[in-house]
Amino acid sequence: MRKSRFFILGVMFGAAMSLQTSYAQDYARWGLPEGAKVRLGKGWISGNIAYSPDGTLLAVASSIGVWLYDANTGAEVNLLSGHTRPVRSVEFSPDGAILASCGADGDNTVRLWDVRTGKLLNTFEGHANQITSVAISPDGSTLAAGDGRIIPLWNVRTGERTRTLRGHTSPVLSLAFSPDGGTLASGSKWNDNTVRLWNPRTGEHLDTLEGHSGGVLSLAFSPDGRMLASGDLKRVRLWDVHSSQYLGALGGQWENSTIAFSSDGRSLASMSEGNTIRLWDVHRRQSLRTLGEHRRTVNSVAFSPDDLTIASASVDNTIRLWDVPTGALRETIKGDTREVRFAAVSSDGFTVASAHGDTAIRLWDARTGKLVQKLEGHTESLRCVAFSPDGYTLASGGGDAAIRLWDVRSSENLQTLEKHTQDVLCLAFSPDGSRLASGSSDETIRLWDARTGENLWEHRNYGDEILSVAFSPDGSTLASGSTEGAVRLWDTKDGTRYGIERQMSDVRSVTFSSGGSMLASGGGYEDGSIRLWDSRTGRLWFLFGRHTGQITSVAFSPASFALASGSEDTTVRLWNARSGVELYALEGHTEAVTSLAYSPDGFALASASNDGTILLWGARFGTTWGEIKQTEVADELRLSLGLSPSVTPLTPTITALLPNYPNPFNPETWIPYQLKRSADVTLTIYDMNGGRIRTLEVGHQPAGVYRSRQCAAYWDGRNQQGEMVANGIYFYTMTTDDFTATRKMLVGK
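Because the structure is a prediction, the values reported are computed rather than measured.

Calculation criteria
Residues numbered from 1 in each chain as written. Predicted model: local features only at pLDDT ≥ 70, side-chain atom pairs only at ≥ 80, totals over all residues. Heavy atoms only, no water. Helix = DSSP H or I, 4+ residues; strand = E, 2+ residues; numbered from the N terminus. Buried < 20%, exposed > 50% of the residue type's maximum accessible area, 1.4 Å probe, protein only. Contact = heavy atoms within 4.5 Å. Areas by Shrake-Rupley, 256 points an atom, 1.4 Å probe, with all protein chains shown as cover. Salt bridge = Lys/Arg side-chain N within 4 Å of Asp/Glu carboxyl O. Core = buried A, V, L, I, M, F, W, Y, C linked by side-chain atoms within 4.5 Å. Pairing = 2+ DSSP bridges. Polar contact = N/O pair within 3.5 Å; in protein donor to acceptor, adjacent residues only side chain to side chain. Phe/Tyr/Trp six-rings, centres within 6.5 Å; stacked < 30°, edge-to-face > 60°. Lys NZ or Arg CZ within 6 Å of the ring centre and 35° of its normal. Patch = residues over 30% accessible without salt bridge, like charges linked within 9 Å, V, L, I, M, F, W, Y side chains within 5 Å. Axes fitted to C-alpha atoms, helices over the stretch in contact; angles between N-to-C directions.

Peer 1: What's the story with the overall build of the protein chain in this structure? I'm lost.
Peer 2: When helices and strands are counted, the protein chain shows two helices and 67 strands. Of all 749 residues assigned to the protein chain, the portion counted as buried reaches 60%. Contacts in the protein chain between residues at least 24 apart in sequence constitute 45% of all its contacts with a sequence separation of at least 6. Here the protein chain has roughly 28700 Å² of accessible surface; of this, 45% comes from carbon and sulfur atoms.

Structure representation (structure tokens):
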């Protein structure tokens, strides 16, 4: 990640930095990525939970790291962050000093943490597959990890890989060491469905336990090491470890994979039907008690060391602490929902509204990260929210096809707009707040009177769901993006359609610049690019970008000299809106970025993600932002001048080679670039093998931006002999006296 020069968020965060007096304020700033100032939300529970050996701490695998809680009070103690994907499994060392964690697919690492300080001690890399489970031997010397079909063993102290256990025919899902450390049990996925027993000291395969009808998702040894419990999706099976004899199952169907032994070995906890926890007498195979119920599936249970408490974690994103003797619920630790689908920032920048995968709108204090209010009324999951320009009204839409307008100060539901027949996917207020635009999966775009609720006009695009809407700054034009790949412009007076009509992959976000002359769009483009349009003519100016996943959101900064983009590749990127040069990559989310929103003053950029959090980034620098001087920001940065035969008069502060357009192309393309000082420019085309195809002697050029078709270098797709080149991948290199850069392009459509 590039080094950021983010400043503290001025008005929004200056006061908050001196008010860190409670956990609710502190943990919003724990483990933040560089450049981020506040995290709204705690993510979702993505793996198991584990008690520390002394019973004082509870570790929870989450989408943004490992949360440590006080096991008695439920208070947040720390957040161990560093994994780039959600955490799958956590385990304490026997002395409680070290915690091991593993990340989901795309991270493929095991990390060791100092529990007391929260510092990262070691990272075990080199795994070829997703790590599904970790286990630490009772003496604390060996760490085992499930790496696809193999099980690497590591020396905890040195980080050395000591041996690799092989034998499973499907990926390993669960691991457990026996209490004496002499046996390691491993459970495997579907098509294998076996439990294998190993000698971890020698690597010898001791035995294979067969009988499961599905993947073995959980394993637990009894404290005396004589019994092993294994769970799949339907039942818990018990085995004699020494003889490998099958001892029987607990209950009937649906005694789930989530299992844990009490410290005396007499009881076993498992997830049962109805999202409950069942407590069993192991020797009699009888049910002792059922502990309450979660709203959704339980994915982990753990006994406290004194056997008085059972902790359970659920897909409902709560951790519940149960009193074993009475079965009473003692404490509920709440997280947030699994995903944040959309976020909006109020006009004063102090409040962030979020739409999660449930029915409640959440209002957050952007200064402290504290959840302030929940607005409830929708009957199906939310998809979008939007603040009115004055910040007093909030619009929300979702799966119940209704649009609700809320008074932000009183939390009152002012009115409900009910013309749509399917999910409301996007909302936008006009600049004066008098109108509201909505798009839906019912293939209609609608304009409403925000005060009376009257439906002013509607337009249906058959087979074309509306994914995004945005008003121009003067309110006269509405832009929309759709699943058919069309970027459309509408006259807000009567709904007349005009301008852009391009067929591409789905357009998931559209945004106008502050002056209104630029329109940016992003979506499922195969090249991960952003398209910039002339909003008056519908002409495509240029495209740029280097995301490795689909773009989900684009947003202009209030001054319009920078454009932010969010992607399924988990990153937020900031771009020079004039040239397409990347300024910064903001890395910190562990799942797809779903939504972006600038605060009106430009001091903060909010990014929402499927990891269940919203990050607020410091989005304004001192006198410079990347390579752009703020004194150069005027009149829309005069981007339209870049389309004239002359070069834009704003002098770049760096020389750069920009992405060619169109790309792919056949037979011709334009190659834009910019110069910070006058130079002799040469462009050379190469094939995949490095063979020189064509040299374009551009000649001596003054400093400036050469982006439009009248200014950029032109290649007609022919080689030095005048012959058309074959379809395929080519490279182009720009050379000046002090600069060289190379990019890739594709001939053929």
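Peer 1: Is there a simple way to think about the environment of Ser 505 in this case?
Peer 2: With respect to the helices and strands, the residue Ser 505 is situated in the loop between strand S45 (497-498) and strand S46 (507-512). By relative accessible area, which is 26% here, Ser 505 ends up partly exposed. For Ser 505 and Ser 482, which are 23 residues apart along the polypeptide, the C-alpha to C-alpha distance reads 8.7 Å.

Peer 1: Help me out: how do you make sense of the pattern of salt bridges in this one?
Peer 2: Any two side chains of opposite charge can pair, on the condition that their charged atoms come close. Taken as a whole, this structure holds 15 salt bridges when the rule is applied. The closest approach of N and O atoms between Glu 339 and Arg 341, which form a salt bridge, is 3.2 Å. Taking relative accessible area as the criterion, Glu 339 reaches 22% and is therefore assigned partly exposed. Of the residues examined, Arg 341 reaches a relative accessible area of 23% and is grouped as partly exposed. Here Arg 536 makes a salt bridge to Asp 534, at a shortest N to O gap of 3.4 Å. We classify Arg 536 as exposed; its relative accessible area is 53%.

Peer 1: Help me understand the nonpolar core, please; the structure alone is not making it clear to me.
Peer 2: For soluble globular proteins, the rule of thumb is that nonpolar side chains tend to be buried together. With 22 residues, the main nonpolar core has Ile 685, Trp 715 and Met 734 as its most contacted residues. Those elements that place two or more of their residues in this core are strand S61 (673-675), strand S62 (679-687), strand S63 (692-701), strand S65 (713-715), strand S66 (728-735) and strand S67 (740-747). Those residues within four positions of Met 734 in sequence are excluded, and the remaining contacts are Thr 655, Ala 656, Leu 657, Tyr 673, Leu 675, Val 681, Thr 682, Leu 683, Phe 739, Thr 740 and Ala 741.

Peer 1: Please clarify how the pairing of strand S51 (residues 562-567) should be interpreted in this entry.
Peer 2: A regular strand places its side chains on the two faces of the sheet in alternate fashion. Burial runs high along S51: six of the six residues are buried. Both faces of S51 are covered, namely the face carrying Ala 562, Ala 564 and Gly 566 and the face carrying Leu 563, Ser 565 and Ser 567. Sheet topology places S51 next to strand S52 (residues 571-576); five bridges connect them, and they run antiparallel. Following the sheet pairing, Gly 566 is matched in S52 by Val 572.

Peer 1: I'm lost on the side chain of Thr 258 in this one. Help?
Peer 2: Positionally, Thr 258 belongs in the loop between strand S21 (246-250) and strand S22 (259-261). Within the local environment of Thr 258, its side chain forms a polar contact with the backbone oxygen of Val 298, the two atoms lying 3.5 Å apart. A polar atom in the side chain of Thr 258 sits 3.5 Å from the backbone oxygen of Asn 299. Ignoring sequence-local partners within four residues, the contact set of Thr 258 consists of Ser 218, Ala 269, Ser 270, Met 271, Val 298, Asn 299, Ser 300 and Val 301.

Peer 1: Whenever I open this one, the packing of aromatic side chains confuses me. Can you help?
Peer 2: Between two aromatic rings, the relevant description is the distance of the centres plus the angle of the planes. A full pass over the atoms with the stated rule returns 13 aromatic pairs. With centroids separated by 5.7 Å and ring planes inclined at 90 degrees, the aromatic side chains of Tyr 27 and Trp 67 adopt a geometry described as edge-to-face. Of the two residues, Tyr 27 is situated in the loop between helix H2 (23-26) and strand S1 (36-40) and Trp 67 in strand S4 (residues 65-70); the sequence distance between them amounts to 40 residues. This pair shows no difference in class: Tyr 27 is buried, exactly as Trp 67 is. Their ring planes at 50 degrees and their centres at 5.3 Å tell us that Trp 670 and Tyr 714 sit as a pair that is tilted. Of this pair, Trp 670 sits in strand S60 (residues 669-671) while Tyr 714 sits in strand S65, and the two are 44 residues apart along the sequence. For Tyr 714, a relative accessible area of 38% translates into the label partly exposed. Site record: aromatic cluster; members linked through ring pairs are Tyr 27, Trp 30, Trp 67 and Tyr 69. Positioned over the ring face of Trp 67 is Lys 42, at 5.5 Å from the centre of the ring.

Peer 1: Explanation requested: a nonpolar patch on the surface in the structure shown.
Peer 2: Where nonpolar side chains cluster on the molecular surface, the patch consists of Trp 190, Leu 217 and Leu 233 and spans about 250 Å² of accessible area. The exposure class assigned to Leu 217 is partly exposed, which follows from its relative accessible area of 30%.

Peer 1: So what exactly am I meant to see when it comes to the sheet that holds strand S31 (residues 351-356) here?
Peer 2: Two strands in a sheet stick together by hydrogen bonds in their backbones, pointing the same way (parallel) or opposite ways (antiparallel). In spatial order, the strands read S30-S31-S32-S33; together these four strands make up an open sheet with antiparallel pairing. Unpaired on one side and paired on the other, strand S30 (340-345) and strand S33 (371-376) mark the two borders of the sheet. Shown here is a sheet whose adjacent strand axes are inclined to one another by a mean of 25 degrees, direction ignored. Examined bridge by bridge, strand S32 (residues 360-365) and S33 share five bridges and lie antiparallel to one another. Note on S33: the bridge partner recorded for Leu 363 is Gln 373.

Peer 1: Before we go on, may I ask you to explain unusual backbone geometry in this structure?
Peer 2: Trans peptide bonds make up most of the peptide bonds, and negative phi angles are found at most residues other than glycine. Residue Pro 662 is bonded to the preceding Tyr 661 through a cis peptide linkage, with omega at -15 degrees. As for its position among the elements, Pro 662 is in the loop between strand S59 (656-657) and S60. The linkage connecting Asn 663 with the following residue, Pro 664, adopts the cis geometry, with an omega of 5 degrees. Inspection of the secondary structure puts Pro 664 in the loop between S59 and S60.

Peer 1: What is the right way to read the sheet that holds strand S40 (residues 444-449) from this model?
Peer 2: Read across the open sheet, the four strands follow the order S38-S39-S40-S41; overall the sheet is antiparallel. One side of each edge strand has no neighbouring strand; the edge strands of this open sheet are strand S38 (424-429) and strand S41 (455-460). Ignoring which end each strand starts from, the neighbouring axes of this sheet average 15 degrees apart. Sheet topology note: the strand S39 (residues 435-440)/S40 ladder contains five bridges and is antiparallel.

Taken by themselves, the reported measurements are silent on function.
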